[in-house]
Amino acid sequence: MSYQLYRNTTLGNTLQESLDELIQYGQITPGLAFKVLLQFDKSINNALNQRVKARVTFKAGKLNTYRFCDNVWTLMLNDVEFREVHEFVKVDKVKIVACDGKSGEF
């Protein structure tokens, strides 16, 4: 089973809303909607694993909280600087959720 993190993105939310509407109008069954969401989870995890090559580094002024549960790290950081080759961004707060990409979940 793939991680379901990306269901809470704009793309994932839009997909869920569309599926809910199709269920409401009797166009698809809830079971089919569930299968579509599972395929979305697999596809988005696979695409990000295979296609994204960019690397970003970051440095935080403060690690506010951290948690490790079910092989998932959640970090709450303050005063964070992100750097990619020629770009630099500074933000006040950021939440990072990191999953093991080598666990065979894809």
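Residues numbered from 1 in each chain as written. Predicted model: local features only at pLDDT ≥ 70, side-chain atom pairs only at ≥ 80, totals over all residues. Heavy atoms only, no water.

**Re the side chain of N45**
Turning to step 1, where the next piece is worked out: With respect to the element layout, N45 can be found in helix α2 (residues 30-51).
Turning to step 2, where the next piece is worked out: Polar contacts involving the side chain of N45 include one to the main-chain carbonyl oxygen of D41, which spans 2.6 Å. (Helix = DSSP H or I, 4+ residues; strand = E, 2+ residues; numbered from the N terminus. Polar contact = N/O pair within 3.5 Å; in protein donor to acceptor, adjacent residues only side chain to side chain.)

**Brief notes about the packing of aromatic side chains**
Turning to step 1, where the next piece is worked out: This model, assessed by the stated rule, comprises three aromatic pairs.
Turning to step 2, where the next piece is worked out: Each ring, one from Y66 and one from W73, has its centre 6.5 Å from the other, and the planes form 40°; the classification is tilted.
Turning to step 3, where the next piece is worked out: The class for W73 is partly exposed, based on a relative accessible area of 39%.
Turning to step 4, where the next piece is worked out: With a centroid separation of 4.7 Å and 40° between ring planes, the pair formed by F68 and W73 is classed as tilted.
Turning to step 5, where the next piece is worked out: What makes F68 partly exposed here is its relative accessible area of 47%. (Phe/Tyr/Trp six-rings, centres within 6.5 Å; stacked < 30°, edge-to-face > 60°. Buried < 20%, exposed > 50% of the residue type's maximum accessible area, 1.4 Å probe, protein only.)

**Considerations on helix α1 (residues 10-24)**
Turning to step 1, where the next piece is worked out: Between its first and last C-alpha, α1 extends 21 Å over 15 residues, near the 21 Å set by a 1.5 Å rise per residue.
Turning to step 2, where the next piece is worked out: Two residues or fewer after α1 comes G26, characterised by a positive phi angle close to 75°. (Expected span 1.5 Å × (residues − 1).)

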